[in-house]
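Reading the structure
For reference, the chains in residue letters:
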Amino acid sequence: MMSFFICPLCGSTLEGDKTLKCINGHSFDRAKSGYVNLLSGKGGNHGDPKEMVIARRDFLDSGYYEEFADVLCDAVMKYSPDNARILDCGCGECYYTKRIADAFNNESRHALFAGIDVSKDAVNYGAKRFRECELAAASVYAMPVADQSVDTVISVFAPAALEEFHRVLKPGGYLLMAIGSRNHLWSLKKAVYDTPYKNEPSEYTLDGFKFIKSIPCSYNITLKSNKDILDLFSMTPYYHKTSKSDIAKLNSFDTLETEVDFEILVYSKNEKLRNGN
């Protein structure tokens, strides 16, 4: 069986079931859950640690972001052709990937899904959630994916590896990036910081891509427990930049209402990058 992925060592096609092999003899065993480790560097785990992965999984499974997930599903379906090859870059535990696949199935549309994340813990949980998705532990900055082999790239609150996105997309393929907008989690930030700030407006121009549109998604959520509040804050980019004393302020809250303010930015690949790739 041919894999969605290519060998991270030589770039050749990978084939196999429990073990992926290339023509040059490189082989990669799948974990029991089903993902394959294609990280080219040595060392331990990378990306989000297990406790953060679990917090994000629990928060998303609580349904607070379902409305956003529905908007994302509609956008991916609109900008993906029939029989699309869809790659979720920074897929985490595959909450959004699985929701999108279910939306395709509900419309009797076929698509082939794959996902990568630098965290082995994340793709391990993702493989358990979405067994039909081919998953790899890999960096978005060195994706083990063939040139011009993907119809739709999804990047949901993940690093924007634009050169790699451009490389793997087919001509005319689409990139959908989800980002936090100006008022995202404003009330949560006010509960933590003495002088909070709102997110800066996004710059829509990307080298090598044509900007199509921004799809807004804004609503309020009421976090129903202190665990949900702390899980949400641990998912944010502010978490690692915030003092323990400021984070501790959240311990006094059993519930909290806050804003959800997202944008889904849609781009098409129809230009060369400045470096010619």
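Report on the accompanying structure. (Residues numbered from 1 in each chain as written. Predicted model: local features only at pLDDT ≥ 70, side-chain atom pairs only at ≥ 80, totals over all residues. Heavy atoms only, no water.)

1. Thoughts on the packing of helix H1 (residues 50–61) against helix H7 (residues 226–235)
Each pair of packed helices can be summarised by the angle the axes make with each other and by the distance between the axes. One way to put it is that H1 packs onto H7 with a least axis distance of 9 Å and a crossing angle of 120°. In terms of axis orientation, H1 runs oblique to H7. Crossing of H1 over H7 shows left-handed handedness. Seen from H1, the contacting residues are Met 52, Ala 55, Arg 56, Asp 58, Phe 59 and Leu 60; seen from H7, they are Lys 227, Asp 228, Asp 231, Leu 232, Ser 234 and Met 235. When grouped by side-chain class, the residues that make up the contact of H1 with H7 number six nonpolar, one polar and five charged. (Axes fitted to C-alpha atoms, helices over the stretch in contact; angles between N-to-C directions. Helix = DSSP H or I, 4+ residues; strand = E, 2+ residues; numbered from the N terminus. Parallel < 35°, antiparallel > 145°, perpendicular 65-115°, else oblique. Left-handed = near helix turned anticlockwise from the far one by under 90°. Contact = heavy atoms within 4.5 Å. Nonpolar A, V, L, I, M, F, W, Y, C, P; charged D, E, K, R; others polar.)

2. Here we look at the sheet that holds strand S11 (residues 209–223)
The eight strands are arranged S5-S8-S7-S6-S9-S10-S12-S11 in an open sheet whose pairing can be described as mixed. The open sheet has two free edges, formed respectively by strand S5 (36–37) and S11, since each of these has just one partner strand. Bridging between strand S9 (residues 150–156) and strand S10 (residues 169–180) involves six bridges; their strand directions are parallel. By the bridge assignment, Ser 155 is partnered in S10 with Met 177. Packing against the sheet, helix H3 (residues 95–106) makes contact with strand S6 (84–89), strand S7 (111–117) and S9, and its axis sits at approximately 175° to S7. In the packing of H7 onto the sheet, contacts are made with S11 and strand S12 (256–269), and the angle to S11 comes to roughly 160°. (Pairing = 2+ DSSP bridges.)

3. Some thoughts on the nonpolar core
Within the largest apolar cluster, 57 residues are counted, with the highest numbers of intra-cluster contacts made by Tyr 65, Phe 68, Tyr 96, Phe 113 and Ile 221. With seven residues, the top contributor of residues to this core is helix H2 (residues 66–78). Setting aside chain neighbours within four positions, we find Phe 68 in contact with Tyr 96, Val 156, Phe 157, Ala 178, Cys 217, Tyr 219, Phe 262 and Ile 264. Residues Leu 20, Phe 28, Leu 38 and Val 145 belong to the second largest nonpolar core, which totals 31 residues. (Core = buried A, V, L, I, M, F, W, Y, C linked by side-chain atoms within 4.5 Å. Buried < 20%, exposed > 50% of the residue type's maximum accessible area, 1.4 Å probe, protein only.)

4. Let's talk about the packing of aromatic side chains
Using the criterion set out here, one finds 17 aromatic pairs in the structure. Both rings, one in Phe 157 and one in Phe 262, keep their centres 4.8 Å apart while their planes meet at 35°; by these two values the pair is tilted. Of the two residues, Phe 157 sits in the loop between S9 and helix H5 (162–168) while Phe 262 sits in strand S12, which places them 105 residues apart along the sequence. Phe 157 gets classed as partly exposed once you look at its relative accessible area, which sits at 39%. Exposure remark for Phe 262: the relative accessible area of 2% places this residue in the buried category. Joined through ring pairs, the aromatic side chains of Phe 59, Tyr 64, Tyr 65, Phe 68, Tyr 95, Tyr 96, Phe 157 and Phe 262 make up one cluster. A cation over a ring is seen here: Lys 98 above Phe 130, with NZ or CZ 5.9 Å from the ring centre. (Phe/Tyr/Trp six-rings, centres within 6.5 Å; stacked < 30°, edge-to-face > 60°. Lys NZ or Arg CZ within 6 Å of the ring centre and 35° of its normal.)

5. Overview of the pattern of salt bridges
Counting across every chain of the model gives 16 salt bridges. As a salt-bridge pair, Lys 98 and Asp 102 come within 2.8 Å of each other at their nearest N and O atoms. You can see Lys 98 and its partner Asp 102 sitting in helix H3, four residues apart, about one turn around the helix. Ionic contacts of the salt-bridge type, sharing partners, join the residues Arg 57, Asp 58, Lys 227 and Asp 231 into one network. (Salt bridge = Lys/Arg side-chain N within 4 Å of Asp/Glu carboxyl O.)

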